[in-house]
Amino acid sequence: MRRTVGFVLVGLGVFGIVLGLLLRFYAYDRLALVPLNQQSESISSGEDMTVFYPARLEEEDGVDVTATRLVRGDPDAPEAKPDGNVMVWDVGVVVEDTEGNVISASLDHLCLDRHTNEAVQPCSGEGIEDNSDDNAIDSNDRVEHSGLSYKFPFGTEQRDYQYFDNSTKRPETMRFVGVETIEGVETYKFEQKVPLTKLEDREVPGSLVGEPDEPSVTAGRFYENTRTVWVEPYSGIIVKGTEDLEQTLRDSSGEAHVTLFAGTLGFTDETVRNAAADASEARTQLRLVRDIGPLALVIGGVLLLLGGLALALLGNSGGSSTPGAHSGQRRELQPQ
């Protein structure tokens, strides 16, 4: 009976170890996967911004703005296979003031890895439309993405990452700077500094750049930004984000004459709360499958295995007395 129980425990122990390993190395990879039909919205706001209004040819200080970002996954895109690791996103961003005047609008079409959120090529129709000419991406808007976009990888580490900037259209380093708790969720804080960069040349009235006698001159549009994000590491969800940015028109010497857009944009409180709630739920599920569940199953399986082996071995060591051994009665010598 003891041996039977031992063998049962051995079987249960092996089952527990195998199940723990499957949970960690098989189930986790399928849970840590962004759905192909991802849908999300985030809203940022900025107070006391500086905005240039082209219709009036003047910049205005103290403007409050709202930036709305919509993410829509396209499960019907050719790169988005149901059993694949590539997803296709269309990301639209509209910035407007409190009176509903659109300050800027952009559309981003890109392919991303469903585990890491890094850009994937080839990607049909990839590009960024940010000149508001037709609100559609054409051959002139072609951009090849690289690095991370919009999210961090599942299992984000305390290290630097390359994160794509949609204005310069190149990745810049996101540096890990510390750990902070946001809305009860532990996050990793990253900071990216985009240096002053010339984005394009524009034909503008000479009066805007200190040449009032010239009806039209060429001026450079320059941009710089300090982007800070707080990331829940298990899910890679950005719980909070801010951008301290500035766009200016500069003459040929590099002197700034007009501020096109400047100030600090940051997630609204509601966006932060919603992102924290989503991240907390995802963190619980991912920890259970990646860490807690496998560890408990493997440890329990090892204990059952060792206990079962011990019982099985002990079951073999028992047996009946050897003939001729002491039977509890004393044998006496018989006289010859």
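Everything numeric in this text was worked out from a predicted model, so none of it was measured. (Residues numbered from 1 in each chain as written. Predicted model: local features only at pLDDT ≥ 70, side-chain atom pairs only at ≥ 80, totals over all residues. Heavy atoms only, no water.)

In this structure, what is going on with the state of the cysteines? I would like to understand it.
Where two cysteines share a covalent bond between their sulfur atoms, that bond is called a disulfide. Going through the model one piece at a time under the given rule, you end up with one disulfide. In this model, Cys 111 is linked to Cys 123 through a disulfide, with the two sulfur atoms separated by 2.1 Å. Between Cys 111 and Cys 123 the sulfur-sulfur dihedral comes to about 75°; the bridge is accordingly right-handed. Of this pair, Cys 111 sits in strand 4 (residues 102-113) while Cys 123 sits in the loop between strand 4 and strand 5 (127-129), and the two are twelve residues apart along the sequence. Under the relative-accessibility criterion, Cys 111 is labelled buried at 1%. Residue Cys 123 is classed as buried on the basis of its relative accessible area of 4%. (Disulfide = S-S within 2.5 Å. Helix = DSSP H or I, 4+ residues; strand = E, 2+ residues; numbered from the N terminus. Buried < 20%, exposed > 50% of the residue type's maximum accessible area, 1.4 Å probe, protein only.)

Just to check I follow, could you spell out the pattern of salt bridges for this structure?
Should their charged atoms come close, side chains of opposite charge can pair. Inspection of every chain in the model, using the stated rule, returns 16 salt bridges. The residue Glu 58 makes a salt bridge to Arg 56 at a minimum N-O spacing of 3.1 Å. Measuring nitrogen to oxygen at the nearest pair gives 3.5 Å for the salt bridge that ties Glu 180 to Lys 189. A residue is classified by how much of its surface remains accessible, and Glu 180, at 31% relative accessible area, is partly exposed. On the basis of relative accessibility, which here comes to 21%, the residue Lys 189 falls in the partly exposed class. Overlapping salt bridges bring together Arg 56, Glu 58 and Glu 60 as one network. (Salt bridge = Lys/Arg side-chain N within 4 Å of Asp/Glu carboxyl O.)

How should the environment of Pro 171 be read in this particular structure?
One can find Pro 171 in strand 7 (residues 170-182). Pro 171 sits 21 residues away from Gln 192 along the chain, and the two C-alpha atoms are 9.9 Å apart. Beyond its immediate sequence surroundings of up to four residues, Pro 171 is in contact with Ser 146, Gln 162, Tyr 163, Phe 164 and Asp 165. (Contact = heavy atoms within 4.5 Å.)

Sorry, what's going on with the nonpolar core here?
Looking at soluble globular proteins, one finds that nonpolar side chains tend to be buried together. If you look at the biggest cluster of nonpolar residues, it comprises 20 residues, and the most contacted ones within it are Met 87, Trp 89, Val 91, Leu 110 and Cys 111. Mapped onto this core, the elements with two or more residues apiece are strand 3 (86-97), strand 4 and helix 2 (269-317). For this core, the element with the most residues is strand 3, which contributes five residues. For Cys 111, the residues in contact, after removing those within four places along its chain, are Glu 79, Val 86, Met 87, Val 88, Glu 118, Ala 119, Val 120 and Cys 123. In this structure, Leu 148, Val 185, Phe 190 and Ala 279 belong to the second largest nonpolar core, which totals 18 residues. (Core = buried A, V, L, I, M, F, W, Y, C linked by side-chain atoms within 4.5 Å.)

Is there a simple way to think about the sheet that holds strand 1 (residues 39-53) in this case?
The strands that make up a sheet pair up through hydrogen bonds in the backbone, lying either parallel or antiparallel. Strand order in the open sheet formed by eleven strands is 5-4-3-2-1-11-10-9-8-7-6, with antiparallel pairing between adjacent strands. Edge positions in the sheet fall to strand 5 and strand 6 (161-165), since each of these pairs with one other strand and no more. Each adjacent strand pair in this sheet contributes to an overall mean axis angle of 20°, direction not counted. Pairing of strand 1 with strand 2 (residues 58-73), which is carried by twelve bridges, proceeds in the antiparallel orientation. Pairing of Tyr 53 across the sheet is with Glu 58, part of strand 2. (Pairing = 2+ DSSP bridges. Axes fitted to C-alpha atoms, helices over the stretch in contact; angles between N-to-C directions.)

Looking at this structure, I do not really get unusual backbone geometry. What am I missing?
Across the chain, the bulk of peptide bonds are trans and the bulk of non-glycine residues have phi less than zero. A cis amide bond links Gln 121 to the next residue, Pro 122, at an omega of 0°. Relative to the assigned elements, Pro 122 resides in the loop between strand 4 and strand 5. Of note in this structure, Asp 48 is not a glycine but carries a positive phi near 55°. Topologically, Asp 48 is positioned in strand 1. A positive phi is found at Leu 57, a non-glycine position, where the angle reads about 50°. On the accessibility criterion, Leu 57 (44% relative accessible area) is partly exposed.

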